[in-house]
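Results of the structural survey
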Amino acid sequence: MKSLLRTNAYVKKVKENLECPISYDIMTEAVITPYGRSYQEKAIKKWVRKYHNDPLTRYSLDVSDLKPNYDLRRMVEEYIATYGNEE
């Protein structure tokens, strides 16, 4: 019998929380906005340069407002080390 931490449903749910809401890639280079939203760095920078806002809140945003989200990056590293980066 699989442990709870290894069930497909659990792993899928964890992975969904580590995915960028723009690109749906796992956020290996996570950044956070002043509004508390996290994104994959490349995806949000491209978005902000085009639309000048946060795609979830629609609040005004500049690339210089983005800061590395080290806690999320560490969680992604742990996830990949445990479960791999399978789609």
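Presented here is a report on the structure given in the accompanying data block. (Residues numbered from 1 in each chain as written. Predicted model: local features only at pLDDT ≥ 70, side-chain atom pairs only at ≥ 80, totals over all residues. Heavy atoms only, no water.)

Side note on the overall build of the chain
A count of helical and extended segments in the chain gives 3 helices and 3 strands. Starting at the N terminus, the α and β elements of the chain follow one another as α-β-β-α-β-α. Taking the principal axes of the C-alpha coordinates as reference, the chain spans close to 50 × 20 × 20 Å. Counting over 87 residues, the chain shows a buried share of 30%. (Helix = DSSP H or I, 4+ residues; strand = E, 2+ residues; numbered from the N terminus. Buried < 20%, exposed > 50% of the residue type's maximum accessible area, 1.4 Å probe, protein only.)

Structural notes on the sheet that holds strand E1 (residues 30-32)
In space, the 3 strands of this open sheet follow the order E2-E1-E3, with antiparallel pairing throughout. Every interior strand has two partners, whereas the edge strands, strand E2 (38-40) and strand E3 (67-68), have only one. Of the strand pairs in this sheet, E1 and E2 are connected by 3 bridges, and their pairing is antiparallel. Looking at the pairing, Val31 lines up with Tyr39 of E2. Across the sheet, helix H2 (residues 41-51) lies against E1 and E2, angled at about 100° from E2, the strand it touches most. (Pairing = 2+ DSSP bridges. Contact = heavy atoms within 4.5 Å. Axes fitted to C-alpha atoms, helices over the stretch in contact; angles between N-to-C directions.)

Comments concerning the pattern of salt bridges
Per the counting criterion, the structure on display carries 6 salt bridges. Lys15 is paired through a salt bridge with Glu19; the nearest N and O atoms lie 3.1 Å apart. Given a relative accessible area of 10%, Lys15 falls into the buried group. When salt bridges that share partners are traced, they join Glu29, Glu41, Lys45 and Arg73 into one network. (Salt bridge = Lys/Arg side-chain N within 4 Å of Asp/Glu carboxyl O.)

Geometric descriptors of this kind do not, in isolation, establish any biological role.
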